[in-house]
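Fold and geometry: a report
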Amino acid sequence: PVIFCTDGRFLPYTAVALSSLAAAARDGYNYDLLIVSGDKILSEARQCLQASLGKKENISIRFICIPESLKILTDKLSVREGYSPVIYYRLFIPQLFKHYTKVIFCDADVLFLRGIEELYNQSLPQNLLLAAVPDSLPYSGTEQAQKNFAAYTRRLGLKTPFSYINSGVLLWNLEQTRSQKLDKQLWQKLPLLPKPSLFPDQDVLNLVFQGKIFYLTAAYNFFAQEPDIRPPF
């Protein structure tokens, strides 16, 4: 299972992600692609996304519209300029996919160069529930920007800025997340984040899963060009 969260504005990028995933997919594996959105994706757009996968019989695609009660919740949350409430949908994954024990989540603008099954087959130690790549922010920008980010992560409650992960690619043990009630903590701690929050969806994942993260190599979530980020310090 590979989950993407998207909206109408981001569908063209989602199509590129799906196309690259299909091109890298290997025989002998079945790929269950789940597209989560806040509004129903129109039939024509669904057909375009389906077409982007080619005709591989081992890849299926399903479309999930989150319940209106959850959509109303996210629509009330603040987002930075250029972002949409879709960023919060990943926090619903343990709740929406209760029949899955483990899933992959990917941002809808990921380009797949190798088969995603390599990540899914990654073994997670028993006490580690989330696999992700450390973010580049602790190393980015000027020396002052790095100091500012370190101060921000301390306010967030992290022991070190170098443990801060990027949530664009995740291997997620949902079974243990639910068993330890961390899915509920995601929403309990969200209002407690520093204001303004840098990336609220990502910040709360870092906070709740602190000490329970398996760190992947940068190859699994590499930025070809450092994004132009202006943190709200």
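Scroll up for the structure.
Read on for an overview of the structure. Remember, predicted model here, so these are calculated numbers, not experimental data.

1. Quick look at the layout of surface pockets
- In this structure, the second largest pocket spans a volume of roughly 260 Å³.
- In terms of lining residues, the second largest pocket is bounded by 14 residues, among which Ser78, Tyr88, Leu190, Lys195 and Pro200 are the most central.
- In terms of residue class, the lining of the second largest pocket is made up of 10 nonpolar, 2 polar and 2 charged.

2. Regarding the packing of helix H8 (residues 182–189) against helix H9 (residues 200–208)
- At a closest axis distance of 9 Å, the pairing of H8 and H9 adopts a crossing angle of 125 degrees. Compared by their axis directions, H8 and H9 come out oblique. Judged by the sense of rotation from one axis to the other, the crossing of H8 with H9 is right-handed. Between H8, through Leu182, Gln185, Leu186 and Lys189, and H9, the contact on the second element is made entirely by Val204, Leu205, Leu207 and Val208.

3. Quick look at the side chain of lysine 71
- Residue placement: lysine 71 occurs in helix H3 (residues 68–75).
- Contacts of lysine 71, omitting those with residues within four sequence positions, involve Gly38, Asp39, Ile66 and Tyr89.

4. Points about the packing of aromatic side chains
- Evaluated as defined, the whole model comprises 9 aromatic pairs.
- Measuring from centroid to centroid gives 4.8 Å for phenylalanine 92 and tryptophan 187, while their planes differ by 20 degrees, and the two rings are stacked. Taken together, the residues span a long stretch of sequence, with phenylalanine 92 in the loop between H3 and helix H4 (93–96) and tryptophan 187 in helix H8 at a distance of 95 residues. Of the two residues, phenylalanine 92 and tryptophan 187, both sit in the buried class.
- On the basis of an interplanar angle of 85 degrees and a centroid distance of 5.9 Å, the ring pair of tryptophan 172 and phenylalanine 209 is categorised as edge-to-face. With tryptophan 172 in strand E6 (residues 165–173) and phenylalanine 209 in the loop between H9 and strand E7 (213–215), the pair connects residues that are 37 residues apart, well separated along the chain.
- A connected cluster of aromatic rings, assembled from ring pairs, spans Phe149, Tyr152 and Tyr164.

5. Looking at unusual backbone geometry
- Following lysine 195, the chain continues to proline 196 via a peptide bond in cis, the omega torsion being -5 degrees.
- Its location among the elements puts proline 196 in the loop between H8 and H9.
- Positive phi values are uncommon outside glycine, yet lysine 181 reaches one of about 60 degrees.

6. Some words on a nonpolar patch on the surface
- Nonpolar side chains collect at one region of the surface, where Val16, Leu111 and Leu113 lie side by side and expose about 340 Å² of accessible area between them.
- Checked against the element boundaries, valine 16 lands in helix H1 (residues 11–24).
- Given a relative accessible area of 47%, valine 16 falls into the partly exposed group.

7. Brief notes about the sheet that holds E7
- What the 7 strands build is an open sheet, ordered E3-E2-E1-E4-E6-E5-E7; its pairing is mixed. Because the sheet does not close on itself, it has two edges, and the strands there are strand E3 (59–65) and E7. Between one strand and the next, the sheet's axes are offset by a mean angle of 25 degrees, whatever the strand orientation.
- Relative to E7, strand E5 (residues 130–134) runs parallel, the two being bridged by 3 bridges. If you follow alanine 131 over to E7, its bridge partner there is phenylalanine 214.

8. Quick notes on the nonpolar core
- Membership of the largest hydrophobic core comes to 42 residues, with the highest contact counts inside it found for Trp172, Leu186 and Phe209.
- Those residues in contact with tryptophan 172 that sit more than four places away from it in its chain are Arg90, Ile93, Pro94, Thr101, Lys102, Val103, Leu129, Leu130, Thr177, Leu186, Leu205 and Phe209.
- Among the nonpolar cores identified, the runner-up in size contains 29 residues, and Val2, Leu21, Leu119 and Ala131 belong to it.

9. Focus on the environment of isoleucine 165
- When you line up the elements, isoleucine 165 lands in strand E6.
- Classification of isoleucine 165 as buried rests on a relative accessible area of 0%.
- With sequence-adjacent residues up to four places away left out, isoleucine 165 is seen in contact with Leu130, Ala132, Val133, Pro134, Asp135, Leu170, Gln202, Asn206, Ile213 and Tyr215.

10. Considerations on the pairing of strand E2 (residues 31–37)
- By the criterion of burial, E2 is predominantly enclosed, with 7 of the 7 residues buried.
- Here E2 shows no split at all, with Tyr31, Leu33, Ile35 and Ser37 on one side and Asp32, Leu34 and Val36 on the other all buried.
- With H1 bridging strand E1 (residues 2–5) and the parallel E2, this β-α-β connection has right-handed handedness.
- Taken together, the 7 bridges between E2 and E3 define a ladder with parallel strand orientation. Bridged to leucine 34 within E3 is arginine 62.
- For the segment spanning E2, helix H2 (residues 43–51) and E3, crossover handedness is right-handed.

Rules used throughout
- Residues numbered from 1 in each chain as written.
- Predicted model: local features only at pLDDT ≥ 70, side-chain atom pairs only at ≥ 80, totals over all residues.
- Heavy atoms only, no water.
- 1 Å grid on protein atoms, 1.4 Å probe; cavity = no way out; pocket = protein on both sides within 12 Å on 5 of 7 lines; lining within 4 Å.
- Points joined across faces, edges and corners; volume = space filled by probe spheres on them.
- Nonpolar A, V, L, I, M, F, W, Y, C, P; charged D, E, K, R; others polar.
- Axes fitted to C-alpha atoms, helices over the stretch in contact; angles between N-to-C directions.
- Helix = DSSP H or I, 4+ residues; strand = E, 2+ residues; numbered from the N terminus.
- Parallel < 35°, antiparallel > 145°, perpendicular 65-115°, else oblique.
- Left-handed = near helix turned anticlockwise from the far one by under 90°.
- Contact = heavy atoms within 4.5 Å.
- Phe/Tyr/Trp six-rings, centres within 6.5 Å; stacked < 30°, edge-to-face > 60°.
- Buried < 20%, exposed > 50% of the residue type's maximum accessible area, 1.4 Å probe, protein only.
- Patch = residues over 30% accessible without salt bridge, like charges linked within 9 Å, V, L, I, M, F, W, Y side chains within 5 Å.
- Areas by Shrake-Rupley, 256 points an atom, 1.4 Å probe, with all protein chains shown as cover.
- Salt bridge = Lys/Arg side-chain N within 4 Å of Asp/Glu carboxyl O.
- Pairing = 2+ DSSP bridges.
- Core = buried A, V, L, I, M, F, W, Y, C linked by side-chain atoms within 4.5 Å.
- Right-handed = clockwise from strand over helix to strand, strands pointing away.

Treat this as a map of the structure, not an account of what it does.
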